[in-house]
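# Geometric and topological summary
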Amino acid sequence: MKIGLFLPQMGEQATTENVVKLATEAEKEGFDSLWVLERLLWPIKPKVPYPVTPDGSLPVEYKNVLDNLDLLSFVAAKTQKISLGTSVIDMLYHTPVMLARRLATLDVLSQGRVICGLGIGWSKDEYEVSNVPFEHRGARADEFIQALKRIWTDDVVEFNGEFYNIPSSVIGPKPVQKPHPPIYLGGFTQKTFVRMAKYADGWIGAVAGPLEYLEGAVNMLKEEARKAGEDPERFKIFALTSPAVTESRSASSQRFPLTGTIEEVGNDLQRMKEIGVDHVIFNFNFNPEGKNIDKVLDVSKKLAKYAR
């Protein structure tokens, strides 16, 4: 199982020094990838509750978030081999041409290291500031991915859809990776897996409950791939995690996955590997140790022994 680390992209830890240190040390230690997310706003009165926290509140770290692709471009210049991933870009906040060109430029400058993770978002506030209707997100996403691929692969690009249109044009640069950077979709609904089976190369999930939930989602994904006439083994599974490591073992019989001692979290990682996860991503931005890059690297190295 490959291992990725989230960059210190948000909150107090989002500094040049921390970004450079984590990126260069992660590459030196043999980690496989570095990751960023997308967040435009921290609304004072959100129109939609945050789906991750029990009370729907947004983490305070989201008040200060470095731009995802600008950050990866900076990191590309500081590293040589490590992959650079997005988990995820909310694609509908962008236009296909603008996002395709930015990702292709990053792929060129990094010499083919881009991992393209896309989602459709949940924040009505962010849709509003992006001047995009909240309705018909799924249909828009289907078209967006098709247009993205055309821009990356066709010498002369022309696209005529319900939501997006591109007049016959030459659009460059083209990505280094052929036919294009791998596309992975975030989300948990059956519609996400149907879209993935049609247009993508795999799934970026998150551990947000018992590992049985993750296993069920992986099985659903594989079933949709079979229905689409695709080989389920072709699709890669990424899992976003936020490990909370403690010195002592959990006293509760209902321990949340990826919490507890190194051994307990390590055992969870081994179970995820058995479930079929190909690439696990550690995000410490919301944990206290996220402010200490040395601690992030130390814990990640210890956990990596269980994942590989």
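Worth saying up front: this structure is predicted, and the values here are computed from it rather than measured.

Looking now at a nonpolar patch on the surface. Taken together, the side chains of V108, L109 and V176 present a nonpolar region at the surface, about 260 Å² in accessible area. Mapped onto the secondary structure, L109 falls in helix α3 (residues 96-109).

A separate point is the packing of helix α8 (residues 262-275) against helix α9 (residues 293-307). Across the interface, α8 lies against α9 with an axial gap of 8 Å and an inter-helix angle of 45°. As judged from the angle between their axes, α8 and α9 are oblique. Crossing handedness for the pair α8 and α9: right-handed. For the pair formed by α8 and α9, the contact residues are I262, E263, V265, G266, N267, L269, Q270 and K273 on the first element and V299, K302, L303, Y306 and A307 on the second.

A few words now on the layout of surface pockets. Each pocket or cavity is described by its volume, and for the largest pocket that value is around 1,500 Å³. Taken together, 42 residues form the lining of the largest pocket, with Y50, P51, V52, F188 and A206 sitting closest to its centre. Split into classes, the residues belonging to the lining of the largest pocket amount to 21 nonpolar, 15 polar and six charged. Forming the walls of the second largest pocket are K2, D32, S83, I115, P182, Y184, K236, F238, D278 and H279.

All right, on to the nonpolar core then. Core analysis: the largest hydrophobic core is formed by 78 residues, its most contacted members being L7, L34, M91, L118, I183, W203 and M272. Contact partners of M91, with chain neighbours within four places excluded, come to L99, L118, G119, I120, A141, F144, I145 and L185.

Here we take up the side chain of H180. Structurally, the position occupied by H180 is in the loop between β7 (165-169) and β8 (183-186). The class for H180 is buried, based on a relative accessible area of 13%. With residues near it in sequence (within four places) discarded, H180 still touches K149, W152, T153 and D201.

All right, on to helix α1 (residues 16-28) then. Along its 13 residues, α1 runs 18 Å from first to last C-alpha, staying within 8% of the 18 Å computed at 1.5 Å per residue. Among all positions in α1, only N18, V19, L22, A23, A26 and E27 are buried. Down the axis of α1, the buried set is contained in an arc of 145°. They therefore lie on one face. Of the exposed residues in α1, the ones pointing more than 90 degrees away from its buried face are T16, E17 and K28. Close packing links the buried residues of α1 with β1 (2-6), β2 (33-36), α2 (68-76) and α9.

A separate point is the packing of α2 against α3. Across the interface, α2 lies against α3 with an axial gap of 10 Å and an inter-helix angle of 15°. The angle between α2 and α3 falls in the class roughly parallel. Crossing handedness for the pair α2 and α3: left-handed. Residues L69, D70, L72, S73 and A76 of α2 touch α3, and the partners they reach there are L99, R102, L103 and L106.

Moving on to the environment of L5. Locating L5 in the fold gives a position in strand β1. Take L5: its relative accessible area is 1%, and that puts it in the buried class. Considered as a pair, L5 and I281 are 276 residues apart in the sequence and their alpha carbons are 5.5 Å apart. In this structure L5 touches L22, A26, F31, S33, L34, W35, F282, L297 and S300, once residues within four positions along its chain are discounted.

Counted under the stated rule, the structure contains eleven aromatic pairs. Both rings, one in Y93 and one in Y127, keep their centres 5.2 Å apart while their planes meet at 85°; by these two values the pair is edge-to-face. Placement of Y93 in the loop between β4 (89-90) and α3 and of Y127 in helix α4 (residues 124-129) is noted, with a sequence separation of 34 residues between them. There is no split in this pair, since Y93 and Y127 are both buried. Pairing F188 with W203 gives two aromatic rings, centres 5.8 Å apart and planes at 85°, and the pair type is edge-to-face. Taken as a pair, F188 in the loop between β8 and α6 (190-199) and W203 in strand β9 (residues 202-206) lie far apart in primary sequence, 15 residues in all. Clustering of aromatic rings is evident, with ring pairs tying together Y50, Y62, W122 and F286. Just above the ring of Y62 sits the side chain of R39; from NZ or CZ to the centre is 5.1 Å. One residue, R308, lies across the ring of F31, its end atom 5.7 Å from the ring centre.

Summed over all chains, the structure comprises 21 salt bridges. Where R249 meets E264, a salt bridge forms, and the shortest distance between an N and an O atom there is 3.7 Å. Of the two residues, R249 sits in the loop between β11 (244-245) and β12 (259-260) while E264 sits in helix α8, which places them 15 residues apart along the sequence. We note a salt bridge from R255 to D268, for which the minimum N-O separation is 2.8 Å. Separated by 13 residues along the polypeptide, R255 in the loop between β11 and β12 and D268 in helix α8 bring together distant segments of the chain. Overlapping salt bridges, with partners in common, bring together R249, R255, E263, E264 and D268 in one network.

How each quantity is defined
- Residues numbered from 1 in each chain as written.
- Predicted model: local features only at pLDDT ≥ 70, side-chain atom pairs only at ≥ 80, totals over all residues.
- Heavy atoms only, no water.
- Patch = residues over 30% accessible without salt bridge, like charges linked within 9 Å, V, L, I, M, F, W, Y side chains within 5 Å.
- Areas by Shrake-Rupley, 256 points an atom, 1.4 Å probe, with all protein chains shown as cover.
- Salt bridge = Lys/Arg side-chain N within 4 Å of Asp/Glu carboxyl O.
- Helix = DSSP H or I, 4+ residues; strand = E, 2+ residues; numbered from the N terminus.
- Axes fitted to C-alpha atoms, helices over the stretch in contact; angles between N-to-C directions.
- Parallel < 35°, antiparallel > 145°, perpendicular 65-115°, else oblique.
- Left-handed = near helix turned anticlockwise from the far one by under 90°.
- Contact = heavy atoms within 4.5 Å.
- 1 Å grid on protein atoms, 1.4 Å probe; cavity = no way out; pocket = protein on both sides within 12 Å on 5 of 7 lines; lining within 4 Å.
- Points joined across faces, edges and corners; volume = space filled by probe spheres on them.
- Nonpolar A, V, L, I, M, F, W, Y, C, P; charged D, E, K, R; others polar.
- Core = buried A, V, L, I, M, F, W, Y, C linked by side-chain atoms within 4.5 Å.
- Buried < 20%, exposed > 50% of the residue type's maximum accessible area, 1.4 Å probe, protein only.
- Expected span 1.5 Å × (residues − 1).
- Arc of directions from axis to C-beta.
- Phe/Tyr/Trp six-rings, centres within 6.5 Å; stacked < 30°, edge-to-face > 60°.
- Lys NZ or Arg CZ within 6 Å of the ring centre and 35° of its normal.

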